[in-house]
Amino acid sequence: AVVSTQSTGTELQNNGSLFLHIVAVRNDGKINSLHPDYNDKDVVVLSKQWTRFKKRKVQAKTNLLTGESSTSQEGVIDGEVISYWHPNITISFLDDQRVWSTSQAIPPPFDKWVIIDPIEMQYKPILYINDYWELASDMFPVNSTVDALPLSITYSPISIFYFQIYEAQKMQKDWNKMLGVGEASEEENDIVKRTMMETNPVILGLTIVVSLIHTVFEFLAFKNDIQFWKSRQSLEGLSVRSILFNIFTQLIVVLYVLDNDTNTMVVISVCVGLCIEFWKITKVMDVSVDFANPWLGIIPRLSVQDKSSYAESPTKEYDRLAFKYLSWVLTPLLVGYAVYSLLYEEHRGWYSWTLNMCYGYLLMFGFIMMTPQLFINYKMKSVAHLPWRMLTYKALNTFIDDLFAFVIKMPTLYRLGCFRDDIIFFIYLYQRYVYREDPNRVNEFGTSGAHPDGVPVDAEVDGEGTGKLPEPKAVEDKKNE
């Protein structure tokens with residue numbers, strides 16, 4: 001590699017353009033076109049504009065009470081189009097040994113590079129600037145404070161295989177622009193490139209395999225969650241208030257990841273989860289449209305009522321008690337965290353503060369909101385009513401998220417949330433261990449594993465609402481009576 005320095009002038013510092021002109025000559029060729037022995041076939045010239053123009057991204061955060069900011073810069077305008085410079089350039093000659101037929105059209109992407117001389121039936125070597133591995137994070141703005149521009153020049157031959165891959169990527173970008181298809185952000189492209197350049201090939205292959213497994217588990221979790229609630233006939237033992245609160249928390253998560261720079265797959269995952277939570281409302285409550293009593297005489301009124309299997313069971317009372325006790329703990333924590341965030345943290349605005357405050361609070365103390373279901377399990381001494389398949393798939397995904405929380409770019413608070421979910425799942429596992437299933441055990445709903453449709457009338461139920469089927473001799477004695 002050759003390292004050089006390019007001095008900047010006033011024009012370049014004021015959004016000027018700088019072109020690189022690369023000239024390759026045979027060993028015995030002449031580069032000067034005025035030389036009498038100069039031959040155009042001995043010279044290959046390639047020109048490229050090396051200054052890039054793009055919008056500046058400024059995320060200025062201030063303290064909403066004092067107006068002070070630790071990241072603000074004077075004269076910097078968000079969205080301003082300025083010139084950027086990349087300090088690395090890789091020049092390559094294509095290692096092409098094939099013979100092109102003049103009777104057939106040259107296929108893309110070679111048709112833009114192979115120009116055959118119709119007289120001598122030859123074409124010049126392909127001089128190529130390989131900028132595929134350039135990272136957007138290495139680019140820096142060219143302004144009045146920059147007096148010299150560093151440039152590291154690297155020469156490396158390129159094979160036809162890699163040449164086709166790089167050019168295919170450029171063609172795909174051009175097609176996406178023509179069709180108006182959205183592309184991955186520069187930050188996401190940098191993550192992929194950096195991972196491929198800096199990661200061991202074995203670890204990289206393992207990462208791809210585990211990512212595919214994560215996608216499968218996530219799909220299975222969504223599938224089993226929908227299947228469980230779709231076929232659920234009774235809500236006994238399930239916390240309906242937790243489901244309603246999950247809609248609020250999931251909405252906060254979606255708004256938060258959209259307000260921050262987050263991986264696209266994370267955004268898709270949380271949006272699908274929000275849709276499923278909204279769909280659950282129709283399964284845990286009776287939702288209907290009341291046309292007889294419209295709002296303002298025009299808008300139909302939406303009627304939402306508890307299902308009879310929930311309202312007429314002890315579950316509703318346990319659910320109410322759990323949230324009552326939790327409110328005593330969560331309300332002071334919410335107020336305290338909101339005051340702390342407002343006094344000591346910087347935000348882009350009041351909307352950003354609201355999202356960061358709610359999301360940070362949910363991740364720090366939100367695991368407490370998962371305890372109503374644990375409380376109901378404790379009161380009923382049973383976990384048979386839980387969707388264990390869905391919980392298992394989500395737990396496996398959570399463990400995978402723990403491994404990749406610091407690989408995929410995501411907000412810091414979202415990373416902490418992955419470890420929070422592990423704690424709750426281990427508590428569920430402990431309850432499953434303590435409240436072991438007995439197929440002959442009768443719960444307070446009159447069912448058992450051996451008799452899912454209802455225990456015979458002769459079954460005895462103990463004082464706690466749970467019991468066991470009587471022995472065959474006891475049943476015969478009752479029949480004789």
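The coordinates are above.
Keep in mind it's a predicted model, so treat the numbers as computed, not measured.

K.L.:
Help me out: how do you make sense of the overall build of the protein in this one?
P.N.:
Scanning the protein from N- to C-terminus turns up 13 helices and 13 strands. Put simply, the protein has 481 residues, and 36% of those count as buried. Of all intrachain contacts in the protein linking residues separated by at least 6 positions in sequence, the fraction that spans at least 24 positions is 72%.

K.L.:
How should the packing of helix α5 (residues 240–259) against helix α8 (residues 314–344) be read in this particular structure?
P.N.:
Between two packed helices, both the angle of their axes relative to each other and the distance between the axes serve to describe the pair. Orientation of α5 relative to α8, taken along the N-to-C sense of each, is 50°, at an axis distance of 8 Å. The orientation of α5 with respect to α8, classified from their angle, is oblique. Along its contact with α5, which presents V240, R241 and S242, the element α8 presents D319, R320 and F323. When its residues are assigned to classes, the contact of α5 with α8 shows 2 nonpolar, 1 polar and 3 charged.

K.L.:
For this particular structure, what's the right way to read the packing of α5 against helix α6 (residues 264–284)?
P.N.:
Running from N to C, α5 and α6 cross one another at 155°; their axes reach a closest spacing of 9 Å. In terms of their interaxial angle, α5 and α6 are classed as roughly antiparallel. The element α5 and its partner α6 pack so that their crossing is left-handed. From α5, V240, I243, L244, N246, I247, Q250, L251, V253, V254, V257 and L258 reach across to α6, where they touch V267, V270, C271, G273, L274, E277, F278, K280, I281 and V284. Of the residues in the contact of α5 with α6, the class split is 16 nonpolar, 3 polar and 2 charged.

K.L.:
Even after reading the chapter, I still don't get the sheet that holds strand β7 (residues 127–129), so can you show me in this structure?
P.N.:
Spatially, the 4 strands line up as an open sheet ordered β1-β9-β6-β7, and their pairing is mixed. Looking at strand neighbours, the two that pair on one side only are β1 (2–7) and β7, the edges of this open sheet. Ignoring strand direction, the axes of neighbouring strands in this sheet form an average angle of 25°.

K.L.:
Please clarify how the state of the cysteines should be interpreted in this entry.
P.N.:
A covalent bond bridging the sulfur atoms of two cysteines is what the word disulfide describes. Per the counting criterion, the structure on display carries 0 disulfides. With no disulfide of its own, C271 lies closest to C275 among cysteine sulfurs, the gap being 7.0 Å. Of the residues examined, C275 reaches a relative accessible area of 53% and is grouped as exposed.

K.L.:
Is there a simple way to explain the sheet that holds strand β8 (residues 140–141) in this structure?
P.N.:
To summarise the sheet geometry, strands pair through backbone hydrogen bonds and adopt either a parallel or an antiparallel arrangement. With respect to topology, 3 strands assemble into an open sheet ordered β4-β5-β8, the strand pairing being antiparallel. A single partner strand is all that each edge strand has here, and the edge strands are β4 (52–55) and β8. Two elements, strand β5 (residues 81–85) and β8, share 2 bridges in a ladder whose sense is antiparallel. Each bridged residue has a counterpart across the sheet, and for Y84 the counterpart in β8 is P141.

K.L.:
What is the right way to look at the pattern of salt bridges in this model?
P.N.:
Where charged atoms from two side chains of opposite charge approach closely, those side chains can pair. Taken as a whole and judged by the stated rule, the model has 7 salt bridges. We note a salt bridge from D42 to R26, for which the minimum N-O separation is 3.0 Å. With D42 in the loop between β2 (19–25) and β3 (43–49) and R26 in the loop between β2 and β3, this pair connects stretches of sequence that are 16 residues apart. K170 is the salt-bridge partner of D131, the closest N and O atoms lying 3.5 Å from each other. Here the residue D131 occupies a position in the loop between β7 and β8, and K170 occupies one in helix α2 (residues 160–179), the gap between them amounting to 39 residues. Using a relative accessible area of 30% as the deciding quantity, one classes K170 as partly exposed.

K.L.:
How do you make sense of the pairing of strand β10 (residues 285–295) when you look at a structure like this?
P.N.:
For a regular strand, the rule is simple: side chains alternate between the two faces of the sheet. The pairing of β10 with strand β11 (residues 299–306) spans 7 bridges and is antiparallel. Across the sheet, the residue bridging to D286 is Q305, located in β11. Turn length for the β10-β11 hairpin, with the two strands adjacent in sequence and antiparallel, is 3 residues, and the turn residue L296 shows positive phi of about 55°.

K.L.:
What's the story with the side chain of S352 in this structure? I'm lost.
P.N.:
Relative to the assigned elements, S352 resides in helix α9 (residues 350–365). Sequence-distant contacts of S352, defined by excluding residues within four places in its chain, comprise D259 and H347.

K.L.:
How should I be thinking about helix α3 (residues 186–198) in this particular structure?
P.N.:
In an α-helix, one full turn covers 3.6 residues, which means residues spaced three or four apart are oriented alike. For α3, which comprises 13 residues, the first-to-last C-alpha distance of 18 Å matches the rise-based estimate of 18 Å (1.5 Å per residue) to within 8%. Each element contacted by the buried residues of α3 is listed here: α6.

K.L.:
How should the nonpolar core be read in this particular structure?
P.N.:
Soluble globular proteins tend to bury their nonpolar side chains together. Among the nonpolar cores identified, the biggest contains 20 residues, and V257, W353 and M357 are the most heavily contacted of them. Taken together, the elements giving at least two residues each to this core come down to α5, α6, α8 and α9. If one sorts the elements of this core by residue count, α9 sits on top with 6 residues. One finds W229, L238, V383 and Y435 within the second-largest nonpolar core, a separate group that totals 19 residues.

Definitions and limits used
Residues numbered from 1 in each chain as written. Predicted model: local features only at pLDDT ≥ 70, side-chain atom pairs only at ≥ 80, totals over all residues. Heavy atoms only, no water. Helix = DSSP H or I, 4+ residues; strand = E, 2+ residues; numbered from the N terminus. Buried < 20%, exposed > 50% of the residue type's maximum accessible area, 1.4 Å probe, protein only. Contact = heavy atoms within 4.5 Å. Axes fitted to C-alpha atoms, helices over the stretch in contact; angles between N-to-C directions. Parallel < 35°, antiparallel > 145°, perpendicular 65-115°, else oblique. Nonpolar A, V, L, I, M, F, W, Y, C, P; charged D, E, K, R; others polar. Left-handed = near helix turned anticlockwise from the far one by under 90°. Pairing = 2+ DSSP bridges. Disulfide = S-S within 2.5 Å. Salt bridge = Lys/Arg side-chain N within 4 Å of Asp/Glu carboxyl O. Expected span 1.5 Å × (residues − 1). Core = buried A, V, L, I, M, F, W, Y, C linked by side-chain atoms within 4.5 Å.

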